[in-house]
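Residue-level listing of the chains:
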Amino acid sequence: MKNSRFFTVLWIGLLPGLILAAAAQGPQPLDAGYTAKIKEYTTEPFFLTELVDHLPASATVPTPEKALGYVIGAPGKLTYSADIYRYFRQLEKASPRVRTFSMGRTEEGREMLLAAVSDEANLKRLERLREITARLADPRRTPPEEAQKLLDEGVPMYWITGSIHSTEAGAPEMLMELAYRLAVAETPLAQNIRKNCVVLVTPLLEVDGHDRYVDVYRYKLANPGKRAPNLVYWGKYVGHDNNRDAMALSLALSRNMVRTFLDWHPQVLHDLHESIPFLYVSTGMGPYNPWLDPIVINEWQILAYQEVEGMTKRGVPGVWTHGFYDGWAANYMMYVAQGRNAIGRFYETYGGIGADTLERTVNEEMTQRTWFRPNPPLPKVKWSHRNNINLQQSALLIALDYFASNRRKFLENFYAKSRRSVAKAVTEGPAAWVIPADDPRPLECAELVNLLRLHGVEVHRAEKEIEVARKEGKEEKKEKFPPGSYVIRMDQPYSRQADMLLDIQYYDAKDTRPYDDTGWSFGPLRNVKTVRVTDTSILKAPMKLVEGHVRPAGGIRGESAAAYLIPHNAENALATFRFRLKDVEMLAAEEPFKALNREFGAGTFLIPAQGNPPDLRARIERAAQELGITAHAAGETPKVAAHRLAAPRIALVHTWINTQNEGWFRLALDTLQIPYDYISGQVLAATPNLRAKYDVILLGPVPGSSQRVVMGLPLYGEPVPWRGSELTPNIGTSPDQTDDIRGGMGLEGLMNLRRFVEEGGLFITIASNASVPIDFGLVEGVSITPARELQARGSVLNAVVADKTSPIAYGYGERLAVYFNQAPIFRVSTTGAASGGAESGASAGRSSGRGSPSDPDVVQGRPYTPPEPKPELKPWEERPLTEEEKESQRFYLFPEPLRPRVVFRFADEKELLVSGMLAGGRELANRPAVVDVPRGKGHIVMFANNPMWRQQTQGSFFLLFNAMLNFEHLDAGRKAPSAR
Ligand SMILES: [Zn+2]
């Protein structure tokens, strides 16, 4: 407290203008009780500003305290979504300066809310204001002269969103008070904000997760001295990654955000986060996303320095910008605005501990003074929930005041950026992206088009063949696209969003360590051909705007009824089809064959009429039509080696430590209507006969060592429940519950898993979780090599089919772009010996001697003996063991049928990178990507890539489905032992 006088003097010294201006309006009565509480809950006077150190009173509008029974920022108080929404609706009822709108529902059916706060006049003409921002957003229908008039008439919109991250729970509380303050306060600042902009508020982005977080916090308060669970589930599917979905738009919150953006066209979207001290304002260190208009980058800086200066001037320590994150990836929620010519930004404030007050020691790095943090956070503080609210709210008021004062500039910039986006086709290019109509995967092409349309991107279809020029080096070549090809023109307002998704990323490994994924090219990851066209003549080609949801027509071709043949093109709807007709007997062809005057590839689905239900044709027809699949009716079942294609019983296993990354698997499986049981590792431990219940057990990707994944949370202390109760009702709607989150599958679970595999089951691991079967000895002959030089953080890399006869490769071409994040690097050996084995023998080179590097070495004084010829090996192939080696390793040498089978490998170093970051690629080049290890009657399949990542890797999904549907016949096509 001893600093308080100093700071008061400082305020009066620095801000006489503000204080005098307030006085000139005549004092507005304060809510004295509320004001006193604000001061009481704030730990230091320098964590409070004159903007929020009081609450204006109102005779008509209820304060948050009146509605909730406590002052915002009160220790121990967090508010459920229903009460937050009730308060916003009370504000709407009581004040002509507030309106509310529903944005849609979450996965669990909770509402997402949008409130608009502005002055009465603006809210009365809200429809007109929305029309103005919509017109400015599309310069194709708004010529500059008209835009000038709209710039005079309109006001910009600033959209604030709270708590996308459920453990960062200060913002929803703060936003209630901010809305009240903006609606009621009569300071010049509040009047300026109301008059010159519309403030949009979404108090809660992750509503399901927020309510569960309040549950957990209540549990903690009600059980002092006991350990409360972590927030095991946030939203239905993912936790922190809900802020990585702005490209795939696979979560309800992302889709609701985009839809709302397209309804309002706000100029700023400001997302509130809580982690680092005391207030970080986003700009980022770079490399910045290169698809953004440079005007946006300038706007980030201009806005950030308003808050940093404004807060510093008011004596608040530790408000800074620049560091912390990079500004590269386009997957953050704020790209809902950023990708559409508006500004996306965020704060990080020091929060994240419920509504507690406690002594905190600040991370030492954050207390260092640097050029971008000239006024760093203090090393040790008593920090309160209210402090967090004070900082968020004060800085926002500074930003809003600046935004309102520059009303015209922000609208003008928005229009300028929109114009430059339309001009992109002819200025910087490309002119368009094309998805050719002859792509062998029409369904996945259509899905990509549907996604682009969800983004607000216009997609056209070529009405005739299109021919464009294409530069290859100095040569100009012609390229043709058949009629029906999809064309994504870059002369449209959201060209940047489309280009950002479809283009190739290059992230220099020497740059700042990336904050998240470095590559995401949607065409390659979805195994769909996308062509970047720079020839602007394409813009004149006849084409028609795509409207509505796109799906290729499906059905049965031909009348014969002995068998139905469905070519395997690795389209995900085929998996849906298999499970939809789960009682129908289907076979998979093991080799390519000819029938009906055409070629069918290995993996073709064969559905014989014989032995199947009489209504087979009708059922195939209906499913094929609904899913867009084509089946061919044949007069006889083709004579080709085939095996049963199962509709297996699947279990997806999670831990109680972290459920985030497997959440993307649940989302993918649910979206494709593939049934599975969702079980924790504890269930593996408690189920001795897993084979009786399941055919396939998939260990979802879980961070942590194999020991942590297997053992789970340590079994010390008392049980920690994750279960719905009167105190914790929202935990009751979680995807899974338990009376005790401690403990995992343990050694019992591993033993049960081993038996499961030996009895014919399939166990699948994703990425680094391969360490579970490797470290605990469920597989032999596969190890993980630590990376020394490899830098491939969230990159898109090329994998190549190494064994095209494996059922896991059915439907795929020679090459597939996969998502890989730094680890694991697999090594496969023909022996189980700790060392040795025979990896491909790199050339030993030659001795120093006569001649050139390629000349033979000639020993003097004896006749020349040529060296032993080397076996011709492909780079990933192993050198056959010599007779001597076979003898010395006789105990470790696996018979051929038990050896690990490499189905996909990573490409040669030169061809490895598709998109993102890659350095030291030779460590990964040619290494196994998908390995199938037989054990007993079953298999363990391990993926180095993550085939179901953030709903972006649709091209890799079928690697998993192939393994699952063919789980009983994964040895199909295996080379005979004599081949070696
Ligand atoms: Zn966050």
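Residues numbered from 1 in each chain as written. Predicted model: local features only at pLDDT ≥ 70, side-chain atom pairs only at ≥ 80, totals over all residues. Heavy atoms only, no water.

Chemist: Explain the coordination of the zinc ion to me, using residue names and the numbers behind them.
Modeler: Distances from the zinc ion to its protein donors, namely His165 (ND1), Glu168 (OE), Glu168 (OE) and His273 (ND1), fall within the range 2.1 to 2.6 Å. Considering all four donor atoms around the zinc ion, the spread of angles at the metal, 54 to 153°, places the coordination shape in the irregular class. If you list the donors of the zinc ion from N- to C-terminus, the spacing comes out as H-x2-E-x104-H. A relative accessible area of 8% means that glutamate 168 is categorised as buried. (Donors = N, O, S within 2.8 Å, 3.2 Å for Na, K, Ca; no water. Tetrahedral: all angles 85-135°; square planar, octahedral: opposite > 155°, others 65-115°. Buried < 20%, exposed > 50% of the residue type's maximum accessible area, 1.4 Å probe, protein only.)

Chemist: Let's hear about the nonpolar core: which residues, and what values?
Modeler: Within the largest apolar cluster, 168 residues are counted, with the highest numbers of intra-cluster contacts made by Ile488 and Ile538. The residues touching isoleucine 488, leaving out its near neighbours within four places in the chain, are Ala432, Trp433, Ile435, Leu452, Val457, Glu458, Val459, Ala498 and Leu502. The next biggest cluster of nonpolar side chains, apart from the first, holds 126 residues, and it includes Met586, Leu762, Ala799 and Val933. (Core = buried A, V, L, I, M, F, W, Y, C linked by side-chain atoms within 4.5 Å. Contact = heavy atoms within 4.5 Å.)

Chemist: Could you give me a rundown of the sheet that holds strand β23 (residues 605–608), with the residues and numbers involved?
Modeler: Taken in spatial order, the six strands line up as β18-β24-β19-β23-β20-β25 in an open sheet, and their pairing is mixed. The open sheet has two edge strands, β18 (555–557) and β25 (642–645), and neither has a second partner. Within this sheet the neighbouring strands show an average axis-to-axis angle of 35°, counted without direction. Judged from the three bridges that link them, β18 and strand β24 (residues 630–634) form a sheet pairing that is parallel. Among the inter-strand pairings, arginine 557 is bridged to a residue of β24, identified as histidine 632. Sheet strands touched by helix α20 (residues 573–580): β19 (563–566), β20 (586–589), β23 and β25. Its angle to β23, the strand with the most contacts, is close to 25°. Along the sheet face, helix α21 (residues 616–627) touches β18, β19, β23 and β24 and points at about 120° away from the line of β18. (Pairing = 2+ DSSP bridges. Helix = DSSP H or I, 4+ residues; strand = E, 2+ residues; numbered from the N terminus. Axes fitted to C-alpha atoms, helices over the stretch in contact; angles between N-to-C directions.)

Chemist: Can you tell me about a nonpolar patch on the surface, naming the residues and giving the values?
Modeler: Taken together, the side chains of Met711, Leu747 and Phe776 present a nonpolar region at the surface, about 250 Å² in accessible area. Here phenylalanine 776 shows up in the loop between α27 (771–775) and β30 (782–785). Judged by its relative accessible area of 31%, phenylalanine 776 falls in the partly exposed class. (Patch = residues over 30% accessible without salt bridge, like charges linked within 9 Å, V, L, I, M, F, W, Y side chains within 5 Å. Areas by Shrake-Rupley, 256 points an atom, 1.4 Å probe, with all protein chains shown as cover. Salt bridge = Lys/Arg side-chain N within 4 Å of Asp/Glu carboxyl O.)

Chemist: Please provide a residue-by-residue account of the packing of helix α8 (residues 144–153) against helix α16 (residues 407–423), values included.
Modeler: Between α8 and α16, whose axes approach to 9 Å, the crossing angle comes to 150°. Comparing the axis directions of α8 and α16 gives the class roughly antiparallel. As for the relative orientation of α8 and α16, their crossing is right-handed in sense. On α16, the residues that touch Pro144, Ala147, Gln148, Leu151 and Asp152 of α8 are Arg407, Arg408, Leu411, Glu412, Tyr415 and Arg419. Taken together, the residues of the contact of α8 with α16 break down into five nonpolar, one polar and five charged. (Parallel < 35°, antiparallel > 145°, perpendicular 65-115°, else oblique. Left-handed = near helix turned anticlockwise from the far one by under 90°. Nonpolar A, V, L, I, M, F, W, Y, C, P; charged D, E, K, R; others polar.)

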